[in-house]
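Chain by chain, the residues:
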Amino acid sequence: MNIFEALRESHERQRTYAKALIATSGDSPERVEAYKQLKAELQAHETAEERHFYIPLMEIDEGVDLSRHAIAEHHEMDEMMEELDETEMSSPAWLATAKKLSDKVHHHLEEEEHKFFQMAGKLLDDKQKTQLAGQYEKEYQAQLR
């Protein structure tokens, strides 16, 4: 498995959880569970991805801007999750923020898969892609605990 395949697995989970989240209503057990799943997935993925994909890319001049942009988007998602944590789950404001988060997640994943991965594919060699996948998976699993 290479780093792009490893990241795409998490991306699919994120899409599923984000869709499930905005399909919920009120302060329901379904909403609580959907948010818990999405938040855990995003946090584990962001940390592992930054450490084992974006930081290695930042060591290459051509990878700096792309990495900074992606990390900035991770930060925006973190801020939205903080906002959700501080808002009453049954309020309309909570759903509005959850929709913004879902939109940001989908935008970010599209951008990564259709723009960043192509650029990174040219900057990393096959050995690095495989090594980074192993490191990412290990970190990702550790973050989920």
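Under an unreviewed UniProt entry, the name given to the protein chain is Hemerythrin domain-containing protein, and the organism recorded is Pseudomonas iranensis.

The next thing to look at is the overall build of the protein chain. Across its full length, the protein chain carries five helices and zero strands. Along the protein chain, helices and strands appear, N-terminal first, in the series α-α-α-α-α. Here the protein chain has a C-alpha radius of gyration of 16 Å; the compact-globule value for 145 residues is 15 Å, and the two agree. Considered along the principal axes of its C-alpha atoms, the protein chain spans approximately 50 × 25 × 20 Å. Contacts spanning at least 24 positions in sequence make up 78% of the contacts within the protein chain whose residues lie at least 6 apart. With an accessible surface of roughly 7600 Å², the protein chain has 50% of that area assigned to carbon and sulfur atoms. Positive and negative side-chain charges in the protein chain, numbering 18 and 32 respectively, have mean positions lying 3 Å apart.

Scanning all chains against the criterion turns up seven aromatic pairs. With 5.6 Å between their ring centres and 85 degrees between their planes, Tyr35 and Trp94 make a pair best called edge-to-face. In this pair, Tyr35 sits in helix H2 (residues 29-58) while Trp94 sits in helix H4 (residues 92-123), placing the two residues 59 residues apart along the sequence. Looking at Tyr35, the relative accessible area reads 6%, which means it is buried. Taking 4.8 Å as the distance between ring centres and 65 degrees as the angle between the ring planes, the aromatic pair formed by Phe53 and Tyr54 counts as edge-to-face. The pair Phe53 / Tyr54 is uniform in exposure class, with both members buried.

Before going further, it helps to spend a moment on the nonpolar core. Residues Ile3, Phe4, Leu7, Phe53, Tyr54, Leu57 and Tyr136 are the most contacted members of the largest nonpolar core, which totals 19 residues. When residues of this core are traced back to their parent elements, those giving at least two are helix H1 (3-22), H2, helix H3 (64-86), H4 and helix H5 (126-144). Sort the elements by how many residues they give to this core and H2 lands first, with five residues. The contact partners of Leu7, leaving out residues within four places of it in the chain, are His45, Glu49, Phe53, Phe117 and Tyr136. Leu42, Met80, Met89 and Val105 belong to the second-largest nonpolar core, a separate cluster that totals 17 residues.

A few words on a negative patch on the surface. Taken together, Glu79, Glu82, Glu83 and Glu86 make up a surface patch of like negative charges. With respect to the helices and strands, the residue Glu82 is situated in helix H3.

What counts, and where the lines are drawn
- Residues numbered from 1 in each chain as written.
- Predicted model: local features only at pLDDT ≥ 70, side-chain atom pairs only at ≥ 80, totals over all residues.
- Heavy atoms only, no water.
- Helix = DSSP H or I, 4+ residues; strand = E, 2+ residues; numbered from the N terminus.
- Rg over C-alpha atoms; globule rule 2.2 N^0.38 Å.
- Contact = heavy atoms within 4.5 Å.
- Areas by Shrake-Rupley, 256 points an atom, 1.4 Å probe, with all protein chains shown as cover.
- Lys, Arg positive; Asp, Glu negative; His and termini not counted.
- Charge placed at Lys NZ, Arg CZ, Asp CG, Glu CD.
- Phe/Tyr/Trp six-rings, centres within 6.5 Å; stacked < 30°, edge-to-face > 60°.
- Buried < 20%, exposed > 50% of the residue type's maximum accessible area, 1.4 Å probe, protein only.
- Core = buried A, V, L, I, M, F, W, Y, C linked by side-chain atoms within 4.5 Å.
- Patch = residues over 30% accessible without salt bridge, like charges linked within 9 Å, V, L, I, M, F, W, Y side chains within 5 Å.
- Salt bridge = Lys/Arg side-chain N within 4 Å of Asp/Glu carboxyl O.

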